[in-house]
Amino acid sequence: QANDHALYLVSILKDDLFSLRPLAESHDIYSFREEALKIYMNTSSPFINQQSLSLKTLSEQPLIDYNGDLRSPSFSAKIFARYGYQPTIIFSCSHSQLTLEYIAHHNAYCLGTNDIIGPHTSILHPAICIKPLKENLQMIYLLIVPKADRQHPTIAAFLHIFKQHTLDSSQLITFKS
């Protein structure tokens, strides 16, 4: 509707941040957190004693594609393709608890972050272990606000609360010409 005002919370690979440059002309883009992608696996995995796992190794294992929006292309498949690998995705799921329950009872793996899957996963699910990814891929969390809407009272109030809540961790992203 014409009277709707919107803002967007998104997460992308930090390496893809520059792809948002055209959007910055009409939107304010705030970053508020960065986090490394991790691998969630069952504690009975044959890789349990490794310090980290590579995308190459993971591409040969059963992978759950945790995808917050099943209407969009597979996030995991895009990451593997970027490095030249084809993942063995056994299913896609948009519910973190179902993903974790499956991993807790099966030999399966999942790429994710604390923000997406949960920071206390290994405490809540003792059969799950979290390992770093060798490629050290960083996710960046963004708040995107159309510049035309930022003065709307509801959006302005949200931004005020957002800036207070994120304290010094949020910053407006600007792209050099």
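Preceding block: the structure.
A quick note: this is a predicted structure, and the numbers were derived from the prediction, not measured.

Draft legend 1. Main features of the overall build of the protein chain. Counting its secondary structure elements, the protein chain contains six helices and nine strands. Looking at the protein chain residue by residue over its 177 residues, the buried ones come to 41%. In the protein chain, the proportion of contacts linking residues at least 24 apart, taken out of those at least 6 apart, comes to 82%. Carbon and sulfur atoms form 53% of the exposed surface of the protein chain, whose accessible area is close to 10100 Å².

Draft legend 2. Representation of the sheet that holds strand S6 (residues 109-112). Taking strand neighbours across the sheet as the criterion, the five strands line up as S5-S4-S6-S3-S7 in an open arrangement whose pairing is mixed. Sheet topology places strand S5 (88-93) and strand S7 (128-132) at the edges, where each strand pairs with a single neighbour. Taking each pair of neighbouring strands and ignoring which way they run, the sheet shows an average axis angle of 30°. On the sheet, helix H3 (residues 96-105) packs against strand S3 (38-42), strand S4 (62-66), S5, S6 and S7 and is oriented at approximately 50° with respect to S3.

Draft legend 3. Quick look at H3. Among the residues of H3, Ser 96, Thr 99, Leu 100, Ile 103 and Ala 104 are the ones counted as buried. Considered in projection along H3, the buried side chains sweep an arc of 135° and stay on one side of the axis. Set apart from the buried face of H3 by more than 90 degrees, the exposed residues are Leu 98 and His 105.

Draft legend 4. Inspection of the sheet that holds strand S8 (residues 138-146) at higher detail. Strands sit in the order S1-S8-S2-S9 across an open sheet of four strands; the sheet is antiparallel. Two strands lie at the open edges of the sheet, namely strand S1 (8-13) and strand S9 (171-172), each paired on one side alone. Alignment of S1 against S8, held across six bridges, turns out to be antiparallel. Bridged to Tyr 8 within S8 is Ile 144.

Draft legend 5. Inspection of the environment of Ile 29 at higher detail. Position of Ile 29 relative to the elements: it lies in strand S2 (residues 27-36). Overall, the relative accessible area of 0% leaves Ile 29 in the buried class. Considering only alpha carbons, one finds Ile 29 and Leu 143, 114 residues apart in sequence, at a separation of 5.8 Å. Excluding residues within four positions of it along the chain, Ile 29 makes contact with Leu 20, Leu 23, Ala 24, Leu 142, Leu 143, Ile 144, Gln 171, Leu 172, Ile 173 and Phe 175.

Draft legend 6. Representation of the nonpolar core in the model. Within the largest apolar cluster, 18 residues are counted, with the highest numbers of intra-cluster contacts made by Leu 58, Tyr 109, Leu 111 and Leu 133. Only S3, helix H1 (55-59), helix H2 (75-82), S6 and S8 provide two or more residues apiece to this core. Counting ten residues, the second largest nonpolar core, distinct from the first, contains Ile 103, Ala 104, Ala 108 and Ile 128.

Draft legend 7. The packing of aromatic side chains, seen in detail. Summed over all chains, the structure comprises seven aromatic pairs. Their ring planes at 65° and their centres at 6.2 Å tell us that Tyr 30 and Phe 162 sit as a pair that is edge-to-face. Taken as a pair, Tyr 30 in strand S2 and Phe 162 in helix H6 (residues 153-166) lie far apart in primary sequence, 132 residues in all. The buried category is assigned to Tyr 30, whose relative accessible area is 9%. By relative accessible area, which is 9% here, Phe 162 ends up buried. A centroid spacing of 5.0 Å and a plane angle of 80° characterise the contact between Phe 91 and Tyr 102, whose relative ring orientation is edge-to-face. Placement of Phe 91 in strand S5 and of Tyr 102 in helix H3 is noted, with a sequence separation of eleven residues between them. Against the face of Tyr 141 rests Arg 33, its NZ or CZ located 5.4 Å from the ring centre.

The rules we used
- Residues numbered from 1 in each chain as written.
- Predicted model: local features only at pLDDT ≥ 70, side-chain atom pairs only at ≥ 80, totals over all residues.
- Heavy atoms only, no water.
- Helix = DSSP H or I, 4+ residues; strand = E, 2+ residues; numbered from the N terminus.
- Buried < 20%, exposed > 50% of the residue type's maximum accessible area, 1.4 Å probe, protein only.
- Contact = heavy atoms within 4.5 Å.
- Areas by Shrake-Rupley, 256 points an atom, 1.4 Å probe, with all protein chains shown as cover.
- Pairing = 2+ DSSP bridges.
- Axes fitted to C-alpha atoms, helices over the stretch in contact; angles between N-to-C directions.
- Arc of directions from axis to C-beta.
- Core = buried A, V, L, I, M, F, W, Y, C linked by side-chain atoms within 4.5 Å.
- Phe/Tyr/Trp six-rings, centres within 6.5 Å; stacked < 30°, edge-to-face > 60°.
- Lys NZ or Arg CZ within 6 Å of the ring centre and 35° of its normal.

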